[in-house]
Amino acid sequence: MTEPRKARVATVSLAGCFGCHMAILDIDERLIALMERVEFDRSPLTDIKTFTRRCDIGIIEGGCCNEENVHTLIDFRKNCDVLIALGQCAIMGGLPAMRNAIMHSQEPLRECLEEAYISGPYLRNTTRLIPNDPVLPLILDKVYPCSEIVDIDYQIPGCAPSGDIIFSTLVALLDGKFKGFERETLRFD
Ligand code: SF4
């Protein structure tokens, strides 16, 4: 009799800080047990840059702040049966979405870039140029949660979510027993 195949998992960091990927590593020694059941495909954890096969689970860190993020997220949706938004940046934009609050200017994106590169405190930009190389991905007008770009199947909240929550959620999904989170699990105080 042939062994059941391992579930294929892909992960990516969009507009995030990689803290959520660090949290995946916080699964610690249970990763060994998890690797008995899953294999990672496209992911910073494997350094595989493109999908080699369709995946069962895609895990997204970060929201979308530029056009490359959008293309990557759509590619994940196409190539993964189940898509998980991992952490507050993926779920609601998180820290990068603070720039969405700049609304009093006629050109909020320009105001944001000028403060980041020209006028902000502690800056010394003698050229007074904002990076504009054509190879840089086009920045979006604001930072978008993943669910505003594609359908998201599950959200794992937290900044970053704990390794415990990530592990238990993945195992429950693999067992087909995921029923949401206990209220106590989602207390962050
Ligand atoms: Fe980093 Fe927190 Fe955003 Fe995760 S949710 S990418 S840990 S800022």
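Residues numbered from 1 in each chain as written. Predicted model: local features only at pLDDT ≥ 70, side-chain atom pairs only at ≥ 80, totals over all residues. Heavy atoms only, no water.

(A) Examining the overall build of the protein more closely. Each helix and strand counted, the protein has six helices and seven strands in total. Taken from the N to the C terminus, the helices and strands of the protein come in the order β-α-α-β-β-β-α-β-α-α-β-β-α. Seen along its three principal axes, the alpha-carbon backbone of the protein occupies a region of about 65 × 40 × 30 Å. When each of the 189 residues of the protein is scored for burial, the buried share is 39%. Relative to all contacts within the protein whose residues are 6 or more apart in sequence, the contacts with residues 24 or more apart total 76%. Only carbon and sulfur atoms are counted for the fraction: they give 54% of the accessible area of the protein, which is about 11,700 Å². Of the side-chain charges in the protein, 20 are positive and 28 negative, and the distance between the mean point of each set is 2 Å. (Helix = DSSP H or I, 4+ residues; strand = E, 2+ residues; numbered from the N terminus. Buried < 20%, exposed > 50% of the residue type's maximum accessible area, 1.4 Å probe, protein only. Contact = heavy atoms within 4.5 Å. Areas by Shrake-Rupley, 256 points an atom, 1.4 Å probe, with all protein chains shown as cover. Lys, Arg positive; Asp, Glu negative; His and termini not counted. Charge placed at Lys NZ, Arg CZ, Asp CG, Glu CD.)

(B) Quick look at the side chain of R8. Assignment of secondary structure puts R8 in strand β1 (residues 7-13). Here R8 sits buried without a salt bridge, and the closest side chain of opposite charge, E39, lies 4.4 Å off (N-O distance). When sequence neighbours within four positions are dropped, the list of residues in contact with R8 reads E39, R53, R54, C55, D56 and I57. (Salt bridge = Lys/Arg side-chain N within 4 Å of Asp/Glu carboxyl O.)

(C) Representation of the state of the cysteines in the model. For the coordinates displayed, the defined rule picks out zero disulfides. In this structure C64 is not part of a disulfide, and its nearest cysteine sulfur, from C146, lies 5.2 Å away. (Disulfide = S-S within 2.5 Å.)

(D) The arrangement of unusual backbone geometry in detail. Of the consecutive residues C159 and A160, the connecting peptide bond is found in the cis state with omega at -15°. Structurally, A160 can be placed in the loop between β7 (154-156) and α6 (163-174). We note that F18 has phi near 75°; this positive angle belongs to a residue other than glycine. F18 sits in the partly exposed class, given a relative accessible area of 37%. Located in the positive-phi region is Y122, a residue other than glycine, with phi close to 70°. Exposure remark for Y122: the relative accessible area of 86% places this residue in the exposed category.

(E) Representation of the pairing of β1. Most of β1 sits inside the fold, with seven of its seven residues counted as buried. Residues A7, V9, T11 and S13 of β1 are buried on one face, and the alternating residues R8, A10 and V12, pointing to the opposite face, are buried as well. Relative to strand β2 (residues 38-40), β1 runs parallel, the two being bridged by three bridges. What sits directly across from A7, in β2, is V38. Here five bridges tie β1 to strand β3 (residues 55-61), and the two strands are oriented parallel to one another. Bridge pairing links S13 to E61 in β3. (Pairing = 2+ DSSP bridges.)

(F) Fine view of the nonpolar core. I60, L73, F76 and L83 are the most contacted members of the largest nonpolar core, which has 20 residues in total. Looking at this core, the elements that each hand over two or more residues are β1, β3, α3 (67-79), β5 (80-86), α4 (88-92) and β6 (139-144). Once residues lying within four places of it in the same chain are set aside, the contact partners of I60 are V12, L14, L73, F76, L83, I84, A85, L86, A90 and C146. (Core = buried A, V, L, I, M, F, W, Y, C linked by side-chain atoms within 4.5 Å.)

(G) Just the site of the ligand, in detail. As a matter of local geometry, the ligand sits amid G16, C17, G19, C20, E61, G87, Q88, C89, G158, C159 and A160. At the level of elements, α1 (19-25) and α4 are the ones that each hand at least two residues to the shell around the ligand. Of the residues assigned to the shell around the ligand, the class counts are five nonpolar, five polar and one charged. (Near = heavy atom within 4 Å. Nonpolar A, V, L, I, M, F, W, Y, C, P; charged D, E, K, R; others polar.)

(H) How the structure looks around the pattern of salt bridges. Tallied over the entire structure, the rule returns nine salt bridges. Across the salt bridge formed by K49 and D47, the nearest N and O atoms sit 2.5 Å from each other. R54 is the partner of D81 in a salt bridge, and the nearest nitrogen-oxygen pair spans 2.8 Å. Of this pair, D81 sits in strand β5 while R54 sits in the loop between β2 and β3, and the two are 27 residues apart along the sequence.

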